[in-house]
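Tertiary structure, described
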Amino acid sequence: VPVTVLRPPRMIGRARELAALAEAWSQGRAALLLGEPGLGKSRLLAEFAAGRRVLGVQGRPGDAGVPYATLSRLLRSLLERTPVELPAPRRTELARLLPELAPTLPLPADGQRLLLQGAVEALLAQVRAGSDPGGALDGIAIDDLHFADEASVEMLQALICSDAAGPLAGLRWTLAQRPGEGSAAAAALRAALEEAQALEVLPLAPLTVDEMAALIDSLGLPELDAAQLAPQLTRHTGGNPLYALETLKQGLASGLLRQGRLPTPTNVGALIERRLKQLSERALALARVAAIAGVDFSIALAEEVMGVRAVELADAWAELEAAQVLRENAFAHDLVFDAVLRSVPAA
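Residues numbered from 1 in each chain as written. Predicted model: local features only at pLDDT ≥ 70, side-chain atom pairs only at ≥ 80, totals over all residues. Heavy atoms only, no water.

What follows covers the overall build of the protein chain. Of regular secondary structure, the protein chain possesses 16 helices and 7 strands. Once the C-alpha set of the protein chain is aligned to its principal axes, its extents read approximately 70 × 50 × 40 Å. Taken over 347 residues, the protein chain has a buried fraction of 48%. For the protein chain, contacts bridging at least 24 residues in sequence account for 72% of all contacts bridging at least 6. Working note: accessible area of the protein chain is about 16500 Å², and carbon and sulfur atoms make up 54% of it. Each charge sign in the protein chain was given a centre, from 33 positive and 41 negative side chains, and these centres are 5 Å apart. (Helix = DSSP H or I, 4+ residues; strand = E, 2+ residues; numbered from the N terminus. Buried < 20%, exposed > 50% of the residue type's maximum accessible area, 1.4 Å probe, protein only. Contact = heavy atoms within 4.5 Å. Areas by Shrake-Rupley, 256 points an atom, 1.4 Å probe, with all protein chains shown as cover. Lys, Arg positive; Asp, Glu negative; His and termini not counted. Charge placed at Lys NZ, Arg CZ, Asp CG, Glu CD.)

Structure below.
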């Protein structure tokens, strides 16, 4: 597989989002990128952080089961980037999260929250005020917030919402997560920042046909005709960059592209199936009706088949649109349609 397909050399179709991130940064507002898997949240965060003094960390699958797992990863990255001398009391408090700071102290992992918050604030403030420009810090970017554990997110809320005149004044925060996923703490963090009018929410849109053509052109592969392939690939993947690249990767490897056919990548199918499992029972039933009905699908048909009034389907319909399963009266793209149809029991 050509290396450009594995890592496209240019980021396509995200100029508006980059400008919005820069605007939020200049105004001192936190920013939250919302996007389904594959829309390019991580790439966008990396592009935005380039040239800025930003520390980036990621929530990971499994963090939710370990209190302060995400926060510990953030603090370890911070200390690796900028080693600082910590006073003994602060070192003891931080050892609740980073046992290597005081390996002989038998301290509980959860600790006393307010003391711990003070120690974290002091560490961040000390790094910010450091004399070494290479280690100084202007912002923190946290990717995949939906994987983060509740304790870490609650602490992040306290840090982001801290006193504007306090030690963390001026520190910029950029977050990214999938819509419809994440803990109750992540929802509370967003609600608190929105209530304080201190958050810029940036939903990532799929690529248009023209942007998809630009993405194909950027790969520099003479065997791909961007003008001919872009409309078909956009319809097949819904404009999702990851899905498009995975489709091209599998199509090039299998030779299906030379036959004018687009494959269904197995790893993309697994991502979509995971999303479907998170739907409510009624939303999944509505999606299955849409898949079986195909071009005949309509609200009136769903009303008749499911035996409920249309108004009772409103929440399920909105849930499917938020999860990018449906777009208006049709599936967002062919890959979602295929996954929903596969989920219908054979009987």
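Our focus in this paragraph is the packing of helix α4 (residues 69–81) against helix α7 (residues 150–160). Interhelical geometry of α4 versus α7 gives an angle of 60 degrees and a closest axis separation of 6 Å. By the angle class used here, α4 and α7 are oblique. Residues Ala-69, Thr-70, Leu-71 and Leu-74 of α4 form the contact with α7, whose participating residues are Ser-152, Met-155 and Leu-156. Class assignment for the residues of the contact of α4 with α7 results in 5 nonpolar, 2 polar and no charged. (Axes fitted to C-alpha atoms, helices over the stretch in contact; angles between N-to-C directions. Parallel < 35°, antiparallel > 145°, perpendicular 65-115°, else oblique. Nonpolar A, V, L, I, M, F, W, Y, C, P; charged D, E, K, R; others polar.)

Moving on to the layout of surface pockets. Roughly 570 Å³ of internal volume is contained in the largest pocket. Together, 27 residues line the largest pocket, and Gly-38, Gly-40, Arg-43, Pro-241 and Leu-242 are the ones closest to its centre. Every element with two or more residues in the lining of the largest pocket is listed here: α1 (3–6), α3 (41–49) and α11 (241–254). Broken down by class, the residue content of the lining of the largest pocket amounts to 13 nonpolar, 4 polar and 10 charged. (1 Å grid on protein atoms, 1.4 Å probe; cavity = no way out; pocket = protein on both sides within 12 Å on 5 of 7 lines; lining within 4 Å. Points joined across faces, edges and corners; volume = space filled by probe spheres on them.)

Okay, unusual backbone geometry next. The residue Asp-144 is not glycine, and still its phi comes out positive at about 55 degrees. Inspection of the secondary structure assignment puts Asp-144 in the loop between β3 (139–143) and α7. Overall, the relative accessible area of 12% leaves Asp-144 in the buried class. The backbone phi angle of Gln-197 is positive, close to 55 degrees, even though this residue is not glycine.

Quick look at the environment of Leu-221 now. Of note, Leu-221 is situated in the loop between α9 (209–218) and α10 (226–237). Sequence separation between Leu-221 and Val-5 is 216 residues; the distance between their C-alpha atoms is 9.1 Å. The contacts of Leu-221, once residues within four sequence positions are left out, are Pro-2, Thr-4, Val-5 and Leu-252.

Within the fold, Ser-183 resides in the loop between β4 (172–177) and α8 (184–195). Judged by relative accessible area, which is 16%, Ser-183 ranks as buried. Ignoring sequence-local partners within four residues, the contact set of Ser-183 consists of Ala-148 and Glu-150.

On the basis of which strands lie adjacent, the open sheet formed by 5 strands has the order β2-β3-β4-β1-β5 and parallel pairing. Two strands bound the open sheet, and with one partner strand each, they are β2 (54–58) and β5 (199–203). Sheet twist, expressed as the mean angle between neighbouring strand axes with direction ignored, is 15 degrees. By the bridge criterion, 4 bridges tie strand β1 (residues 30–34) to β4 in an arrangement that is parallel. Bridge pairing in β4 places Leu-34 opposite Gln-177. Along the sheet face, α8 touches β1, β4 and β5 and points at about 120 degrees away from the line of β5. (Pairing = 2+ DSSP bridges.)

The subject of this paragraph is the packing of aromatic side chains. Scanning all chains against the criterion turns up 3 aromatic pairs. Here the aromatic rings of Trp-25 and Phe-48 are separated by 5.8 Å at their centres, their planes lie at 75 degrees, and the arrangement is edge-to-face. Highlighted residues: Trp-25 in helix α2 (residues 15–27) and Phe-48 in helix α3, separated in sequence by 23 residues. Judged by its relative accessible area of 4%, Phe-48 is buried. Ring centres of Phe-331 and Phe-337 lie 5.5 Å apart, and the angle between their planes is 65 degrees; this geometry places the pair in the edge-to-face category. (Phe/Tyr/Trp six-rings, centres within 6.5 Å; stacked < 30°, edge-to-face > 60°.)

With that settled, consider the environment of Trp-173. Turning to its location among the elements, Trp-173 is positioned in strand β4. A sequence separation of 13 residues divides Trp-173 from Ile-160, and the C-alpha atoms of the two residues are 7.3 Å apart. Excluding its chain neighbours within four sequence positions, the residues that come into contact with Trp-173 are Arg-29, Ala-30, Ala-31, Ile-140, Ile-142, Leu-156, Leu-159 and Ile-160.

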